[in-house]
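# Structure assessment
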Amino acid sequence: MANNTNEYRFKSSTRNATVAIVTQIIMGVVSFVERIVFNQCFIADYLGFYSLFKNIISVLSVAELGLNVAIAYSLYEPLANDNFDEIKAIMDFLRKIYFAIGSFILVGGLIFTPFLKFFVKTGVSMSSVQIYFIIFLLSTVFEYYFSYKYILFSADQKQYISTLITNLSWTTLYIIQIFISIYTHNFLYYSLTLFIIDFFRCISINLIANKYYKYLKVKTKIKLSKGSKHKILFNIRGLMISKIGGVAVNSTDSILISAIVGSSILGLYSNYQMIVTGLLGFTTIFPNAITASLGNQGATESNDSVATGYRSIDMSYFIIYSILSIVLLNIINPIIGTFFGKDRCLPFSSALIICILFYLNNNKSLYNTYKSSLGLFWYDRYRPLISGATNIIVSIFLGNIMGFNGILLGTIFTYVVIDLWVEPMIIYHYGFHLSSRRYISFAMIRLLLIVVIMFFTHYVTSFIPEFGILNIILKAVISLLISALILFIVFHRDVYVRQSIKALQTFLRKKKDR
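The residue count restarts for each chain, going from 1 along the sequence in the order it is written. With the structure being a predicted model, the display of local features is reserved for residues of pLDDT at least 70 and the display and counting of side-chain atom pairs for 80 or more, all residues being used for whole-chain, interface and lining totals. Calculation of side-chain values draws on the structure's entire complement of heavy atoms; hydrogens and water are dropped beforehand.

### A look at a nonpolar patch on the surface
Taken together, the side chains of Ile131, Leu188, Tyr189, Leu192, Ile196 and Phe200 make up a nonpolar region of the molecular surface, amounting to roughly 540 Å² of accessible area. Mapped onto the elements, Tyr189 comes out in helix H8 (residues 187-212). Excluding any residue in a salt bridge, patches collect residues exceeding 30% relative accessible area, merging like charges within 9 Å and nonpolar Val, Leu, Ile, Met, Phe, Trp and Tyr side chains within 5 Å. Only the protein chains shown count as covering a residue, and every accessible area follows the Shrake-Rupley method with a 1.4 Å probe. Here, a salt bridge means any side-chain nitrogen of Lys or Arg that lies within 4 Å of a carboxyl oxygen of Asp or Glu. Where helices and strands are cited, they refer to DSSP runs of H or I of at least four residues and of E of at least two residues respectively, numbered from the N terminus.

Structure below.
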């Protein structure tokens with residue numbers, strides 16, 4: 001039975017990751033082409049608008065309170081036991097809550113619209129900016145109204161279905177926007193396509209969910225049990241503060257950049273965000289693919305077994321994320337200069353800060369995966385609130401002194417001073433019932449090592465001319481080889497690295513045998 005369970009986890013995680021990787025590559029290529037066209041057809045301010053709108057909506061979406069995570073965690077057990085009545089009751093509960101949340105975001109967004117002028121420094125007419133914002137707002141609201149059932153795919157280890165629909169929808173959107181940008185140069189038409197494609201994506205997810213889980217359409221009077229509702233509400237209370245703090249850390253940088261520095265600088269930054277987000281899309285594929293499997297493992301296996309698995313996965317991620325961060329530092333400005341124009345490049349100091357943030361965000365992705373899969377929401381309820389307040393205060397202070405770099409440095413300060421030691425402590429203490437002291441010290445040393453390697457590889461690759469596809473390739477290859485060699489020398493004796501290599505060999509052997 002255990003072997004069958006492990007085999008199912010393996011197949012589910014592999015399938016989820018494979019679909020995500022393939023569709024992410026296609027979507028990434030098309031989105032990159034779309035961004036090249038956008039930079040040729042529109043001023044930088046328009047790029048800044050979308051980044052600003054996204055973060056404003058994230059602030060309004062605090063009403064969600066992390067409900068999707070709590071619901072997914074509550075679905076693991078009834079899905080494993082084929083308890084259809086319980087699943088139906090949970091999803092009905094979620095539908096009502098999400099409708100209320102969507103309505104709250106709609107009303108909140110409309111009320112906020114007249115105040116946009118205080119957050120946007122631009123030469124574009126404010127009435128146009130407000131129209132673009134309302135279109136973006138409606139697109140988000142429809143997602144809450146119609147696509148909440150994607151949570152069921154994720155909890156049932158079938159995330160590949162919602163991933164396929166989402167990535168194909170976004171790919172279609174980018175293709176349409178390329179033609180609109182070239183042939184109309186009209187940002188209103190460009191914005192409307194986002195609403196139309198998002199509408200069809202939400203409807204598609206809803207219809208396909210009904211096809212896979214036919215019992216969702218059956219009308220019953222079964223209500224969520226008091227025990228299940230209590231468990232969900234308990235997790236939501238823990239996630240509520242976590243969500244507020246998380247928004248303050250992750251969603252305020254663009255708002256502060258727009259308000260303090262200006263929409264044009266935010267537009268330049270959005271090009272870097274596009275590249276970073278594309279890479280994050282790849283690097284978070286595996287954590288997203290295995291979350292449900294880890295939830296199953298955490299409920300059925302010993303703490304030591306789960307902790308050992310965590311350290312092995314953590315070292316694997318560290319090696320991958322570190323090399324990606326180092327390579328990214330040395331090619332991100334050449335990519336921007338070659339494809340978008342030299343005038344769209346930020347200084348090296350800004351690129352360095354962006355790449356350090358990329359490493360830290362990837363580092364946090366594994367923490368979030370384990371907190372979600374092990375149900376540690378309540379224990380993490382105060383950390384994000386403290387992080388959020390710290391980030392806003394420090395970012396505003398440094399932003400007024402140092403401008404753009406100061407705002408991002410405020411976020412790095414928050415990650416290093418609070419998140420990088422509190423989150424592992426929660427996972428180890430409440431999830432594994434072990435001390436986290438050695439792991440936290442190790443994590444800090446690893447961060448310092450990566451920064452040192454970043455400076456070293458940048459010095460070596462600085463002798464290669466800045467722009468051109470061939471030079472980008474040379475810088476990428478040299479950065480990859482140097483960073484991989486250094487990391488191999490430092491960590492090749494690490495027991496968890498060896499376990500990761502052994503797991504990879506087993507994975508490849510299984511794929512070969514199929």
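### Observations regarding the packing of aromatic side chains
Two aromatic rings from Phe, Tyr or Trp, using only the six-membered ring of Trp, form a pair when their centres are within 6.5 Å; if the ring planes differ by under 30 degrees the pair is stacked, by over 60 it is edge-to-face, and anything between is tilted. All told, the structure shown has 26 aromatic pairs when counted by the stated rule. Relative to Tyr174, the ring of Trp170 has its centre 6.0 Å away and its plane inclined at 40°; by these criteria the two rings are tilted. Here Trp170 pairs with Tyr174, and both are found in helix H7 (residues 159-183), just four residues apart, close to one helical turn. For Trp170, a relative accessible area of 24% puts it in the partly exposed group. These aromatic residues form a ring-pair network of at least three members: Phe38, Tyr132, Phe187 and Tyr190. Think of it as a cone above the ring: NZ of Lys or CZ of Arg counts as a charge over the ring if it is within 6 Å of the ring centre and within 35 degrees of the ring normal. The ring of Phe318 carries the charged tip of Arg446 above its face, separated from the ring centre by 4.5 Å. Only protein chains enter the accessibility calculation, which uses a 1.4 Å probe. A residue is then buried if its area is under 20% of the maximum for its type, exposed if over 50%, and partly exposed in between.

### Description of unusual backbone geometry
For residues that are not glycine, phi is negative in most cases, and the peptide bond is trans in most cases. Although it is not a glycine, His185 sits at a positive phi angle of roughly 55°. Notably, His433 is not glycine yet its phi reads approximately 60°, a positive angle. On the accessibility criterion, His433 (55% relative accessible area) is exposed.

### A word on the packing of H7 against H8
In this analysis, axes come from line fits to C-alpha atoms, helices being fitted only over the stretch in contact, and the angle between any two N-to-C directions falls in the range 0 to 180 degrees. Taken N-terminus to C-terminus, the directions of H7 and H8 make an angle of 160°; their axes are 9 Å apart at the nearest point. Taken together, the axis directions place H7 and H8 in an arrangement best described as roughly antiparallel. The chirality of how H7 crosses H8 is right-handed. The segment H7 lies against H8, with Tyr160, Ile161, Ile165, Thr166, Ser169, Trp170, Thr172, Leu173, Ile176, Gln177, Ile180 and Ser181 engaging Tyr189, Tyr190, Thr193, Leu194, Ile197, Asp198, Arg201, Ser204, Ile205, Ile208 and Tyr212. Classifying every residue of the contact of H7 with H8 gives 14 nonpolar, seven polar and two charged. Oblique is the label for any angle not under 35 degrees, not over 145, and not in the 65 to 115 range, which are roughly parallel, roughly antiparallel and roughly perpendicular in turn. Helix crossings are classified by the rotation of the near helix relative to the far one: an anticlockwise turn of less than a right angle makes the crossing left-handed, while a clockwise turn makes it right-handed. Residues count as neighbours in contact if any of their non-hydrogen atoms are within 4.5 Å of one another. Note on residue categories: nonpolar means Ala, Val, Leu, Ile, Met, Phe, Trp, Tyr, Cys or Pro, charged means Asp, Glu, Lys or Arg, and polar means any other residue, Gly included.

### A few points about a positive patch on the surface
Neither His nor the chain ends contribute to the count of charged residues, in which Lys and Arg are positive and Asp and Glu negative. By convention, charge coordinates are those of NZ in Lys, CZ in Arg, CG in Asp, or CD in Glu. Positive charge collects at one region of the surface, where Arg95, Lys96, Lys223 and Lys229 lie side by side. Mapped onto the fold, Arg95 is located in helix H4 (residues 84-112).

### Topic: helix H5 (residues 126-146)
Side chains of residues three or four places apart in an α-helix project in the same direction, reflecting 3.6 residues per turn. Multiplying one less than the number of residues by 1.5 Å gives the expected span of a helix. With 21 residues, H5 should reach 30 Å at 1.5 Å per residue; the first-to-last C-alpha distance of 31 Å fits that figure. Buried within H5 are the following residues: Val129, Tyr132, Phe133, Ile135, Phe136, Leu137, Ser139, Thr140, Val141 and Tyr144.

### Looking at the pattern of salt bridges
According to the stated counting rule, one finds six salt bridges in the structure shown. Glu143 serves as the salt-bridge partner of Arg201, at 3.2 Å between the closest nitrogen and oxygen. Here Glu143 lies in helix H5 and Arg201 lies in helix H8, a separation of 58 residues in the sequence. A single salt-bridge network, built from bridges that share partners, covers Glu143, Asp198 and Arg201.

### Re the packing of H5 against H8
Contact geometry for H5 and H8: axes closest at 9 Å, N-to-C directions at 5°. Classified by the angle their axes make, H5 and H8 are roughly parallel. Facing Ile131, Tyr132, Ile135, Phe136, Leu138, Ser139, Phe142, Glu143 and Phe146 of H5, the residues of H8 in contact are Phe187, Leu188, Ser191, Leu192, Leu194, Phe195, Asp198, Phe199, Arg201, Cys202, Ile203 and Asn206. Grouping the amino acids of the contact of H5 with H8 by side-chain chemistry returns 15 nonpolar, three polar and three charged.

### A short note on the side chain of Asn330
Positionally, Asn330 belongs in helix H13 (residues 303-339). Residue class for Asn330 comes out buried when judged on its relative accessible area of 3%. A 3.5 Å cut-off defines polar contacts: any pair of N or O atoms within that distance qualifies, except that in protein one atom must be a possible hydrogen donor and the other a possible acceptor, and neighbouring residues in sequence count only when both atoms are side-chain atoms. Of the polar contacts made by the side chain of Asn330, one reaches the backbone nitrogen of His458; its length is 3.5 Å. For Asn330, the residues in contact, after removing those within four places along its chain, are Thr457, His458, Thr461, Lys475 and Ser479.

### A look at the environment of Leu266
Considering the arrangement of structural elements, one finds Leu266 in helix H11 (residues 263-283). For Leu266, a relative accessible area of 0% puts it in the buried group. For Leu266, the residues in contact, after removing those within four places along its chain, are Gly48, Ser51, Leu52, Ser254, Ile257 and Ser258.

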